[in-house]
Amino acid sequence: MERIKNRNSGIELLKIFAIICIVSHHANWLGQVTNVTNSYSFGFQSFIRAFMQYAGTIGNVVFLISSAWFLVNDKKVSFRKIVSLAVDCSLVSIIYLVIFLLCGYSISPAEILKQFFPLIFGYNWYIGCYILFFMIHPLLNIIVYRLKKEQLLVVDILLVLYCAVAILYPVGIYYNKLIGFICIYFFIAYVKLYLKKLVQSVRWNVILLLASTLSMTVMIVVIHGIFMGNGTFEHFSDRFNDIINPFIFLGVLSLFHLAEKWKHISGVINYISSMSMLIYIIHWNELGKTLVAPGIFTFLYQRYAGGNVLMAVLLMTCLLFLVSVLGAFIYKNTIQRLSHRVCDWIYEKAGTFFGRQIVFLSKFD
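Residues numbered from 1 in each chain as written. Predicted model: local features only at pLDDT ≥ 70, side-chain atom pairs only at ≥ 80, totals over all residues. Heavy atoms only, no water.

## Notes on the pattern of salt bridges
Consideration 1: Taken as a whole and judged by the stated rule, the model has three salt bridges.
Consideration 2: Among the ionic pairs, Lys-289 bridges to Glu-286, the shortest N-O distance being 3.4 Å. Here Lys-289 and its partner Glu-286 are both found in helix H15 (residues 286–291), three residues apart, which amounts to about one turn of the helix.
Consideration 3: Note on Lys-289: relative accessible area 19%, which makes it buried.
Consideration 4: For Glu-286, a relative accessible area of 21% corresponds to the partly exposed category. (Salt bridge = Lys/Arg side-chain N within 4 Å of Asp/Glu carboxyl O. Helix = DSSP H or I, 4+ residues; strand = E, 2+ residues; numbered from the N terminus. Buried < 20%, exposed > 50% of the residue type's maximum accessible area, 1.4 Å probe, protein only.)

See the structure below:
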């Protein structure tokens, strides 16, 4: 806890911004699936909502870069961290399941099983993918540190070309999220090891942020404004909404380095940021998003938003975020304390076989 309190609050504030982006993306999704409006005309409000479609990816990339930047210098995998993440996902899902069953909702046996094992069935995909990525990152570091600067640059160029082709095809054919994590990790490694002067330059990071923002704006206007309704371009809209989108990646990378420059420590910011993964898990449970969230959104739209979809999305974002922060706070100070004791016990038992930490790399050559 003391280590969390003393973290640079610039990066922690960026993580809070990231979780708000993810929540707003899901609130905006509710505005689409509830069909509260059937007409479409591209204007300021529709542009903001189109941007919110990419906000979730922006938030995911923030979390990925914030983790990958420090993992480049990490040599080991923490078994305790992996177990804790998996247990938190399952416990929160089970709590949702119990609440809905007590409220009289009819839930199929298949869905009940999925709530017990959300990561296995693809719920909380980011956390599942992060766990797999976290497990193999020491192996990736072996590759990174054994390659010369020029060789790593060639690898990154080849990965850029691969991503440029893979992004045009549906997910699962030539590309998946874990591959995207690995590609970004190699980019991050090159930047951290060999572009230190650019990383430290506020001027270059501001230029990169502005250029990425302008590129994203043009992309949104073209896809959602000019070609909306064209099936081909709507497909591209879905494919560009990915962590390997260069505009998103470079913009977030510049934001991360600018946040690093803000040398300030805030206990409140750091505490809220420490709950970001719990907020992520709590705000978007599969049962909640299908059984309750659409009705709440429709109520806000009709009662408090005056028929304005964007206002309803913003209200839903605030409601989801505040309720999730409260839920994360309660969970963190009650159930998680007990679950961490259980995880520590599992860790100690598993440690007799795996060792207290699985070390893949003793030193970087």
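## Examining the environment of Phe-187
Consideration 1: With respect to the secondary-structure elements, Phe-187 resides in helix H8 (residues 177–194).
Consideration 2: Residue Phe-187 is classed as buried on the basis of its relative accessible area, which comes to 14%.
Consideration 3: The spacing of Phe-187 and Asp-156 is 31 residues in sequence and 6.1 Å in space, taken between C-alpha atoms.
Consideration 4: Contact partners of Phe-187, with chain neighbours within four places excluded, come to Asp-156, Leu-159, Val-160 and Phe-249. (Contact = heavy atoms within 4.5 Å.)

## Looking at the environment of His-283
Consideration 1: Along the chain, His-283 falls in helix H14 (residues 276–283).
Consideration 2: Distance from His-283 to Ala-293, taken between C-alpha atoms, is 10.0 Å for residues 10 residues apart in sequence.
Consideration 3: Setting aside residues no more than four positions away along its own chain, His-283 makes contact with Ile-22, Val-23, His-26, Leu-320 and Ser-324.
Consideration 4: Within the structure, His-283 has its side chain in polar contact with the side chain of His-26 (distance 2.7 Å).
Consideration 5: Within the structure, the side chain of His-283 is placed 3.0 Å from the backbone oxygen of Tyr-280, a separation counted as a polar contact. (Polar contact = N/O pair within 3.5 Å; in protein donor to acceptor, adjacent residues only side chain to side chain.)

## Observations regarding the side chain of His-257
Consideration 1: Mapped onto the secondary structure, His-257 falls in helix H12 (residues 246–261).
Consideration 2: When near neighbours in sequence (up to four residues on either side) are disregarded, His-257 contacts Trp-69, Val-191, Val-199 and Asn-205.

## Let's talk about unusual backbone geometry
Consideration 1: The backbone phi angle of Asn-124 is positive, close to 50°, even though this residue is not glycine.
Consideration 2: Inspection of the secondary structure puts Asn-124 in the loop between helix H5 (109–116) and helix H6 (125–146).

## Describing the packing of aromatic side chains
Consideration 1: Tallied over the full model, the rule gives 17 aromatic pairs.
Consideration 2: Between Tyr-130 and Phe-134, the ring centres sit 5.9 Å apart and the planes meet at 20°, which makes this aromatic pair stacked. Placement of both Tyr-130 and Phe-134 in helix H6 is noted, with a separation of four residues, approximately one turn of the helix. This pair shows no difference in class: Tyr-130 is buried, exactly as Phe-134 is.
Consideration 3: Aromatic pair Phe-187 and Phe-249: ring centres 5.9 Å apart, planes at 55°, arrangement tilted. (Phe/Tyr/Trp six-rings, centres within 6.5 Å; stacked < 30°, edge-to-face > 60°.)

## Observations concerning the environment of Arg-7
Consideration 1: Mapped onto the elements of the fold, Arg-7 is located in the loop between helix H1 (2–5) and helix H2 (9–33).
Consideration 2: Taking the relative accessible area as the measure of exposure, Arg-7 reaches 27% and is therefore partly exposed.
Consideration 3: For the pair Arg-7 and Ile-265, spaced 258 residues apart in the sequence, the C-alpha separation amounts to 6.6 Å.
Consideration 4: With near-sequence residues (within four places) excluded, Arg-7 lies in contact with Glu-12, Lys-15, His-264, Ile-265 and Asn-270.

Note that every value here comes from positions in space, so none of it alone points to a role or purpose.
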